[in-house]
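# Structure at a glance
Letter by letter, the chains look like this.
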Amino acid sequence: MKVIAVAGAKGGVGKTSIAVNLACLAADEGFATLLWDLDPQGSASHCCRVEPHIRGGAGAMFGGKHDLDRYAQPTEIEDLDLVAADPTLAEVEPILSQRRWPARAVRKMLHPLKEEYDLVVLDCPPGLGLLAEAAFTAADLVVAPIVPSPLALRSLEQTSRFIGERGIDTELMAVLSMVDRRKVLHRQMLPLAETDDRFAGAAVPFSSAVERMGLEQVPSVLASPRSLGSATLKQLWREVRERVDLGD
Ligand SMILES: Nc1ncnc2c1ncn2[C@@H]1O[C@H](COP(=O)(O)OP(=O)(O)OP(=O)(O)O)[C@@H](O)[C@H]1O
Ligand SMILES: [Mg+2]
């Protein structure tokens, strides 16, 4: 079982859009995939048409009373299961801080599922706190979407430092996200995808097909498979699959 965390300090940069589509593409290739919505906003749950509800709330889920398996449910997409989020996840940091080893919580919760799933995709809320630390500790790869701007590069450096300072053994892959070629700054930063090793080669464009996912509640790679957004997400998936060495 491989684990990918889609995460970063900044909000609204395309984390959920990328997480849902990567999970969907993995499932589409026949990998038994679990998408874990860790954001109290429940956007990934919404996009997969799963009710944003955690039985007993985040306290029960992270309190260690039940296996995570109890919370995983099938989606309408074959081979894709989802652990839904709900607003009680807003309290996850204080809940985690009560655990003996908060940083190991997500890894520990996923451990019993390691034979059941080939891939787990963690859709993290924005921010770098205990939950991010626990998600990164569980992950083989952290995918960090970056909307082109000088400040976004600072936030990438913060994420990189966060991982380094905690001695977390995971790789970080930045991805240019919501790239609008009409904007000078976006065009100026596009070469990063080709020249900077920290970045994936795929740069996800600003795409109405991706944007519509919140409305249609169907992953954009399924709803608009021929759009440029979907083509780029597929390229990103190939890079991620190779990076985590998922095999065939
Ligand atoms: N490539 C894209 N093209 C156009 N719109 C996009 C794209 N990616 C995301 N969006 C839109 O931008 C908004 C934020 O995207 P998304 O929810 O994926 O970001 P996020 O980083 O997960 O946000 P949050 O930090 O709140 O969890 C949504 O309305 C989404 O539809
Ligand atoms: Mg999100």
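What you are looking at is a predicted structure, and each value in this text was computed from that prediction instead of being measured.

Calculation rules
- Residues numbered from 1 in each chain as written.
- Chains lettered and ligands numbered in written order.
- Predicted model: local features only at pLDDT ≥ 70, side-chain atom pairs only at ≥ 80, totals over all residues.
- Heavy atoms only, no water.
- Near = heavy atom within 4 Å.
- Polar contact = N/O pair within 3.5 Å; in protein donor to acceptor, adjacent residues only side chain to side chain.
- 1 Å grid on protein atoms, 1.4 Å probe; cavity = no way out; pocket = protein on both sides within 12 Å on 5 of 7 lines; lining within 4 Å.
- Sits in = over half its atoms within 2 Å of the grid points.
- Helix = DSSP H or I, 4+ residues; strand = E, 2+ residues; numbered from the N terminus.
- Nonpolar A, V, L, I, M, F, W, Y, C, P; charged D, E, K, R; others polar.
- Points joined across faces, edges and corners; volume = space filled by probe spheres on them.
- Buried < 20%, exposed > 50% of the residue type's maximum accessible area, 1.4 Å probe, protein only.
- Pairing = 2+ DSSP bridges.
- Axes fitted to C-alpha atoms, helices over the stretch in contact; angles between N-to-C directions.
- Salt bridge = Lys/Arg side-chain N within 4 Å of Asp/Glu carboxyl O.

### Side note on the site of ligand 1
- Close contacts around ligand 1 come from 17 residues, with Gly12, Lys15, Thr16, Ser17 and Ser207 the closest.
- The backbone of valine 13 places a nitrogen or oxygen atom 2.9 Å from an oxygen atom of ligand 1.
- One of the backbone N or O atoms of proline 205 is found 2.9 Å from a nitrogen atom in ligand 1.
- Taking a 2 Å distance to the grid points as the criterion, the majority of the atoms of ligand 1 fall inside the largest pocket.
- Residue assignment for the shell around ligand 1 shows that the elements contributing at least two residues are α1 (15–28) and α10 (208–211).
- The leading source of residues in the shell around ligand 1 is α1, at three residues.
- Tallied by class, the residues present in the shell around ligand 1 amount to seven nonpolar, seven polar and three charged.

### Quick notes on empty space enclosed by the protein
- Inspection of every chain in the model, using the stated rule, returns one cavity of 30 Å³ or more.
- Put simply, the largest cavity is a space of about 40 Å³.
- Ala7, Gly8, Ala9, Lys10, Val13, Lys15, Ala144, Pro145, Ile146, Ser155, Leu156 and Thr159 together form the lining of the largest cavity.
- For the lining of the largest cavity, the secondary structure elements donating two or more residues are β6 (141–146) and α7 (150–165).
- In terms of residue class, the lining of the largest cavity is made up of seven nonpolar, three polar and two charged.

### Re the pairing of strand β5 (residues 119–123)
- A large share of β5 lies buried, amounting to five of its five residues.
- Where burial is concerned, the two faces of β5 agree: the one with Leu119, Val121 and Asp123 and the one with Val120 and Leu122 are both buried.
- Of the strand pairs in this sheet, strand β1 (residues 2–6) and β5 are connected by five bridges, and their pairing is parallel. Bridged to alanine 5 within β5 is leucine 122.
- Across five bridges, the pairing between strand β2 (residues 33–37) and β5 is parallel. The partner of leucine 34 across the bridge, within β5, is valine 120.

### Topic: the sheet that holds β2
- Taken together, the seven strands give an open sheet; going across it, the order is β3-β4-β2-β5-β1-β6-β7, and neighbouring strands pair in mixed fashion. Each edge of the open sheet is held by one strand with a lone partner, namely β3 (72–74) and β7 (171–176). The mean angle between the axes of side-by-side strands here comes to 25 degrees, regardless of whether they run parallel or antiparallel.

### Things to note about the pattern of salt bridges
- Tallied over the full model, the rule gives eight salt bridges.
- For arginine 182, the salt bridge is made with aspartate 180, and the minimal N-O distance between the two is 3.0 Å.
- Judged by relative accessible area, which is 69%, arginine 182 ranks as exposed.

These results come straight from atomic positions and should not be treated as a statement about function.
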